[in-house]
Amino acid sequence: MPTEPLVRALARMRGHLLDPETLVRAVASGAQRGGRVPSVSGRPVRRVELRYVDLKAGRHLQLTSYDETQAHTTNVAAGEEAKVLVDDLLDQPFGSWHVETTTQTHQVRATKKLEAVTHTKDRAAPVEVERGHDKAKQRLLPEDDPVLRALGISDTHGRIKPTRQAKYRQVEEFLRLLDASIGDALAKGQLRTPTEDDPLRVVDLGCGNAYLTFAAHRYLGSVRGLPVRVTGVDVKQQSADHNAAVAAELGIDADFVVGTIGDAVLPEAPDVVLALHACDTATDDALARAISWGASLVLAAPCCHHDVAAQLRRAPTPAPYAMLTRHGILRERFADTLTDALRAAILRQQGYRVDVVEFVESEHTPRNTLLRAIRTGTPVSGGAVRREYDDLVATWGVRPHLAELLDPARG
Ligand SMILES: C[S@@+](CC[C@H](N)C(=O)[O-])C[C@H]1O[C@@H](n2cnc3c(N)ncnc32)[C@H](O)[C@@H]1O
């Protein structure tokens, strides 16, 4: 992979960051390997986003910085104040910069030796910049994006249909999570840098009508400028036919495979596995496949959890937990929590770092948990997680489907 001095690549990015006419958005994330953690105003941050906004007082550079738990936003006037802010940020040891202008996207990743691996892509057509400071308008896919029209989320005038607002919010939430996860994984070298010859391979297991598959392709490819190839898998032939027709309409080169998540044959192992609201134990099938492929990044939003709930109904409740399972609704919610906690523990034992985060706000759907797993290749050591896991399944008398898939003898 060709490299150049990091300072030179960042000096080029500085020019883009300080151009209020052409900067669409920039994101710096992760930390350089072996370096200190980047900080803003003395606070450690894992990611910052920059964009220009038009306020009553004129054009300002808006900085949103994210620490482990929350986001902080500040605005500084374009010009001298923005220069000071940008120079401070460029001095921070971020692992990667992603800079979007109206005509290009740039990706800069710092190597261990403080060289830069850079990737620049021209956009098919210049984009317009949204400069409203209303946070609700910071959309990752604009309302008139052709993908949203083709999926029937937007009307022919490029406005979100009133009945599809919830779907649009889901797409946006999902893209935000995908963007942050991919940015972090690229910055930490946990995801390979894709090239035109070897694009990022993303598979969506249980893709249904492929809203999120198409949105992921569009966002990663056209907005983030990453070479990407998507494959959707669903057991329904009708989904594959519908999705192939939408792909043809959009001119997207995507594959749709008819088959079960457990058995579908893919030409190559994917880098990123998505499984969004795949029913019941289909999420376990997806996690088992992701592990067997050694996928670098897995985003799984589980759906219903009937399997463990049924096992809890059959097994005697251990003392003193009867109150947790006496009432049907509490038993179901507890089964959801137990299932996902066990899935996360299994993934950790398989060499993944796992976060369990909120997917969409809970008023939109109760199925709003997302497991985000990044392959580190190093299973948690010391046996403590395995012992806790064994104790937990023995206490409740359950056998998680994922464990059975990975090790039928042990379950
Ligand atoms: C609730 S839909 C979710 C669709 C899409 N992922 C989304 O979030 O919009 C679940 C999809 O998973 C598919 N599915 C469920 N179990 C499956 C399995 N074992 N193999 C393949 N597809 C499966 C269903 O056919 C359905 O299209």
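Each remark here, short or long, concerns the structure printed above.
Residues numbered from 1 in each chain as written. Predicted model: local features only at pLDDT ≥ 70, side-chain atom pairs only at ≥ 80, totals over all residues. Heavy atoms only, no water.

Re the nonpolar core
Consideration 1: Counting 48 residues, the largest nonpolar core has Phe174, Leu175, Leu178, Ile182, Phe214, Leu220 and Leu274 as the members making the most contacts within it.
Consideration 2: If one sorts the elements of this core by residue count, helix H4 (residues 165–187) sits on top with nine residues.
Consideration 3: If near-sequence neighbours (up to four positions away) are discounted, Phe214 is found in contact with Val147, Leu151, Asn209, Asn243, Val246, Ala247, Leu250, Ile252 and Phe256.
Consideration 4: Residues Ala264, Ala278, Val308 and Tyr389 belong to the second largest nonpolar core, which totals 41 residues. (Core = buried A, V, L, I, M, F, W, Y, C linked by side-chain atoms within 4.5 Å. Buried < 20%, exposed > 50% of the residue type's maximum accessible area, 1.4 Å probe, protein only. Helix = DSSP H or I, 4+ residues; strand = E, 2+ residues; numbered from the N terminus. Contact = heavy atoms within 4.5 Å.)

As for the pairing of strand E9 (residues 104–110)
Consideration 1: Among the seven residues of E9, six are classified as buried, and the element is accordingly described as predominantly covered.
Consideration 2: What sits between strand E8 (residues 94–101) and E9 in their antiparallel hairpin is a turn of two residues.
Consideration 3: Alignment of E9 against strand E10 (residues 115–122), held across seven bridges, turns out to be antiparallel. Pairing of Ala110 across the sheet is with Ala116, part of E10.
Consideration 4: Following E9, the chain reverses through four residues before pairing antiparallel with E10; Leu114 in that reversal takes a positive phi of roughly 60 degrees. (Pairing = 2+ DSSP bridges.)

Some points on the pairing of strand E5 (residues 47–55)
Consideration 1: Counting buried residues in E5 gives seven out of nine residues, a clear majority hidden from the surface.
Consideration 2: As paired strands, strand E2 (residues 23–31) and E5 are joined by four bridges and run antiparallel to one another. Each residue of the ladder has a partner; that of Ala28, found in E5, is Val48.
Consideration 3: As defined by bridge partners, E5 adjoins strand E6 (residues 58–66) across nine bridges and the pair is classed as antiparallel. What sits directly across from Val53, in E6, is His60.
Consideration 4: Counting the residues that bridge the hairpin from E5 to E6 gives two residues.

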